[in-house]
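Each chain, letter by letter, is given below.
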Amino acid sequence: MLIEGRRINSCLTLAVMHDGQSVTTIEGLAEGDNLHPLQTAFVEHDGFQCGYCTSGQICSAIGMLAESRTGMPSYVTDDLTQPQPELTDTEIRERMSGNICRCAAYPNIVAAIKQAARMPT
Amino acid sequence: MKAFTYQRADSTAHAAAAAIKPGAKIIAGGTNLLDLMKLQVETPSQLVDINRLPLDKIEETPDGGLRVGALVRNSDLAADSRVRQRYGVLSRALLAGASAQLRNKATTGGNLLQRTRCYYFYDVTKPCNKRNPGSGCAALAGFNRIHAILGTSDHCIATHPSDMAVAMRALDAKVETLNHEGEARVIPIAELHRLPGKTPEIETSLKSGEIITAVTLPPPPPGVQVYRKVRDRASYAFALVSIAAIVDSTRGRIHSARLAFGGLAQKPWRVPQAEEKLASAAADTVSFNAATNAVLDGARGFGGNDFKIPLTRRTLHSVLAATTRT
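Residues numbered from 1 in each chain as written. Chains lettered and ligands numbered in written order. Predicted model: local features only at pLDDT ≥ 70, side-chain atom pairs only at ≥ 80, totals over all residues.

Now for the overall build of chain A. Helix and strand content of chain A: 4 helices and 3 strands. Helices and strands in chain A line up, N terminus first, as β-β-β-α-α-α-α. For chain A, the C-alpha radius of gyration of 14 Å lies close to 14 Å, the compact-globule estimate for 121 residues. If you line up chain A on its principal axes, its C-alpha atoms span 40 × 35 × 30 Å. Per-residue burial for chain A yields a buried fraction of 32% across its 121 residues. (Helix = DSSP H or I, 4+ residues; strand = E, 2+ residues; numbered from the N terminus. Rg over C-alpha atoms; globule rule 2.2 N^0.38 Å. Buried ≥ 20, exposed ≤ 12 C-beta atoms within 10 Å, placed from the backbone.)

This is the structure we're talking about:
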């Protein structure tokens, strides 16, 4: 989930620690019947099978894209001093490694995230 | 999880005073503590939340180093432009640790104080001298693939899991603390973590009621900075062996080298004799071998982790070759 727009693991924090902060879960992404661009992209690219990990994948991807826009590097970024590392497939995979998919829908998850990354936010 | 009370600290002094009470525990990021509480490895009766204390700044020091507040999140420290430009080994080590979600929560102080990931420490049905002093060590004759080969004792062969601390060890970072009486102290990172000996339950030199407030980094030493992590999968896994290296060389001649190792011991491992073998030496197999032998002096495998000895040797050779190529 997202706390003040940053992705964290909901199972590793206490609600009381976030009193007064904005908390966004998968339920809060769509506006009425209008899906969030990442939700649309996951549907279009078939980015899931059983769906168990999907809420986490989508919330995490939203946080990841926000991190990327601020220039956050990753372990696979060759040159850490470059202010805006390019979001290649390798970068997306490394940055999303905290979200494990038992159905191994990874190729489609990466495709969905790439599509959403091109959309204005 | 056992029931506990919760309070939010409004000052570091307040937090330290609250932390000294029996059963009280400080919570910062909580990414390790809450896991341990769910398994009842940790059973605090009171949590003291320090997340809203003003310890989240990264500041320049007068000598050209950086002072990192204890509550600076791992992701923010890794992304800081000064860290990326001057302390690449630290940025890379942070990015090698855990996952992005965990790094967004985990703090500088908490990362240093995280507990081992020894399977038997986590399994409350098994003996563990760290969790239950005197009960024995199930890892000695158990599954010990991830365990230590250096600085072990008959009581414990756990490793310290941090990547960040390994880089900080190579950088000779200093840990600033404050206690419940308002006294400040500076601890060289080499002296923060303890080896298990007969008391593996005592993991650091911090005293009751002493809270980490910051970590200071001296000015960056000259040389190429590398953090190399070898693990069972490419991402989101703890190190089997990791090396933070800062090597200064020109045209095949090494001027100085700093080498710190993760995954090998209960603390980030550093061997001055190994670095001396490289100082003013030619960057070749002879000096690399001499350094490697010095690092592995006294290394001992326990069956499942025997492979760490040759793995450390090969990884160090590879790192030294990579850092002396120019």
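Let's shift gears to the packing of helix α11 (residues 285-295) of chain B against helix α12 (residues 308-323) of chain B. All names here are of chain B. The contact between α11 and α12 brings their axes to 10 Å, and the two run at 140°. The angle between the axes of α11 and α12 places the two elements in the oblique class. For the element pair α11 and α12, the recorded crossing hand is right-handed. Packed against α11, whose contacting residues are Phe 288, Ala 291, Thr 292 and Val 295, the element α12 presents Thr 312, Arg 313, Leu 316, His 317 and Leu 320 at the interface. Tallied by class, residues from the contact of α11 with α12 come to 5 nonpolar, 3 polar and 1 charged. (Axes fitted to C-alpha atoms, helices over the stretch in contact; angles between N-to-C directions. Parallel < 35°, antiparallel > 145°, perpendicular 65-115°, else oblique. Left-handed = near helix turned anticlockwise from the far one by under 90°. Contact = placed C-beta atoms within 7 Å. Nonpolar A, V, L, I, M, F, W, Y, C, P; charged D, E, K, R; others polar.)

Further remarks concern the environment of Leu259(B). Residues and elements named next belong to chain B. Here Leu 259 is to be found in strand β11 (residues 253-262). Judged by C-beta crowding, with 27 C-beta atoms within 10 Å, Leu 259 ranks as buried. Taking the C-alpha atoms as reference points, Leu 259 and Gly 110, 149 residues apart in sequence, are found 23 Å from one another. The contact partners of Leu 259, leaving out residues within four places of it in the chain, are Ala 170, Ile 243, Ala 245, Arg 270, Ala 274 and Glu 275.

On to the sheet that holds strand β1 (residues 5-8) of chain B. Residues and elements named next belong to chain B. Strand order across the open sheet formed by 3 strands is β1-β3-β2, with parallel pairing between neighbours. Edge positions in the sheet fall to β1 and β2 (24-27), since each of these pairs with one other strand and no more. Across the sheet, the mean angle separating the axes of adjacent strands is 25° when strand polarity is ignored. Judged from the 4 bridges that link them, β1 and strand β3 (residues 46-49) form a sheet pairing that is parallel. (Pairing = 2+ DSSP bridges.)

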